[in-house]
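Structural description and commentary
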Amino acid sequence: MTEWHLTRTFPSTSGEVRWDRTGDAAGPPVVLLHGTPFSSYVWRAVARALGARGFSVYVWDMPGYGASEKAAGQDVSLAAQARVFADLLDHWNLPDPQIVAHDFGGAVALRAHLLHGAHYRALALVDPVAVAPWGSPFFRLVGEHPAVFEQLPSALHGALVREYITSASSPGLHPAVLDRLVEPWLGDLGQPAFYRQIAQADERYTDEIQRRYGELAPPVLICWGTDDTWIPIARGRELDALIPCATFVPIEGAGHLVQEDAPAELTAALLEFLHGRDATSWR
């Protein structure tokens, strides 16, 4: 996956999902979930590092994101994504994988576990959407007026998306990385898809599970960028207090997009956590 091109497909209930696997096919499985408005591309460095350390690493673009299908009327809500994820785990025949989930993907993983019976050997959450209230002022504004924003001229829309994604990083994104993160949201399919996923984001989907975080059985790691302006680290500490089995690790100098801001520090924390659960018992 040197070009980060997802080569495999899954016909989900919310549209075709693009996915792939890297690393040791016989190794312990780890599934990486991206957030919004991102794709599996943000996991490229972490995925390769985990694969090089003997893990079998699964990555996927959620319906409506990245290389996966985007369509008018598509259900890309947290509820839909959690059902799709549970179905994907069945499709992959992964009854007890380790999970690493960022942002919106954290809520997807939590819902799949608490509401759809997905079992995890361990769960690592990276700046997850999990504790209300969530969503930046911009995110909330768009959610209240999606039809207005969908009509923006393409150049203005592109500039808006670039500024929005840029704000997820504390030190700033490499121009080529920023281009890659923005690209799926451009054009006749991408522009409406960008506003569709925001319009369908609803706190009720986390409200439904937040009171149940104390039921989480697998070991939980919570990593949080200390400079996250999208979801402040105080939310992370609040989440940590709700999960008895959790370990909290702040990532210094990182914004919300920890994978880009501090990939080495995040990978080190994940490797220590994942290797601590599994690996010899899997083989």
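Residues numbered from 1 in each chain as written. Predicted model: local features only at pLDDT ≥ 70, side-chain atom pairs only at ≥ 80, totals over all residues. Heavy atoms only, no water.

On average, the protein scores 94 in pLDDT, and the residues at 70 or more come to 97%. Every residue in residues 279–283 is under pLDDT 50, and counting partners more than four places away or in other chains gives twelve contacts. (pLDDT = per-residue confidence, 0-100. Contact = heavy atoms within 4.5 Å.)

By the criterion of burial, strand E3 (residues 29–33) is predominantly enclosed, with five of the five residues buried. The two faces of E3 match: Pro-29, Val-31 and Leu-33 on one face and Val-30 and Leu-32 on the other face are all buried. Pairing of E3 with strand E4 (residues 56–61) involves four bridges; the strand directions are parallel. By the bridge assignment for E4, Val-31 is matched with Tyr-58. In this view, the connection linking E3 to its parallel neighbour E4 by way of helix H1 (residues 44–52) has right-handed handedness. Of the pairings in the sheet, the one linking E3 to strand E5 (residues 98–102) comprises four bridges and is parallel in character. Its bridge partner being in E5, Leu-32 is matched across the sheet by Val-100. (Buried < 20%, exposed > 50% of the residue type's maximum accessible area, 1.4 Å probe, protein only. Helix = DSSP H or I, 4+ residues; strand = E, 2+ residues; numbered from the N terminus. Pairing = 2+ DSSP bridges. Right-handed = clockwise from strand over helix to strand, strands pointing away.)

In this section: unusual backbone geometry. Looking along the chain, the bond that leaves Thr-36 and enters Pro-37 is cis, with omega of 5°. Mapped onto the secondary structure, Pro-37 falls in the loop between E3 and H1. Across the junction of Ala-132 and Pro-133, the peptide omega takes the value -5°, indicating a cis bond. Along the chain, Pro-133 falls in the loop between strand E6 (122–126) and helix H4 (137–144). For Asn-93, which is not a glycine, the phi torsion comes out positive at approximately 55°. On the secondary structure map, Asn-93 appears in the loop between helix H2 (78–92) and E5. In this structure Asn-93 comes out as exposed when scored by relative accessible area, which is 63%. In the Ramachandran plot, Asp-127 falls in the positive-phi region, its phi being about 45° despite a non-glycine side chain. As for its position among the elements, Asp-127 is in the loop between E6 and H4.

Another aspect to go through is helix H10 (residues 233–242). Residues of H10 that are buried: Ile-233, Gly-236 and Leu-239. When H10 is viewed along its axis, its buried side chains cluster within an angular range of 105° and face the same direction. Seen from the buried face of H10, the exposed residues on the opposite side, beyond 90 degrees, are Ala-234 and Ala-241. (Arc of directions from axis to C-beta.)

Right, let's talk about the sheet that holds strand E2 (residues 15–23) for a bit. Spatially, the eight strands line up as an open sheet ordered E1-E2-E4-E3-E5-E6-E7-E8, and their pairing is mixed. Each edge of the open sheet carries a strand with a single partner, namely strand E1 (8–12) and strand E8 (246–251). Across the sheet, the axes of successive neighbouring strands diverge by a mean angle of 20°, strand direction being ignored. Pairing of E1 with E2 involves five bridges; the strand directions are antiparallel. In the sheet register, Pro-11 faces E2, and the bridge partner there is Glu-16. Packed on one face of the sheet, H1 meets E2, E3 and E4 and runs near 160° to E4. Lying on the sheet, helix H3 (residues 104–116) is in contact with E3, E5 and E6; it crosses E5 at an angle near 140°. (Axes fitted to C-alpha atoms, helices over the stretch in contact; angles between N-to-C directions.)

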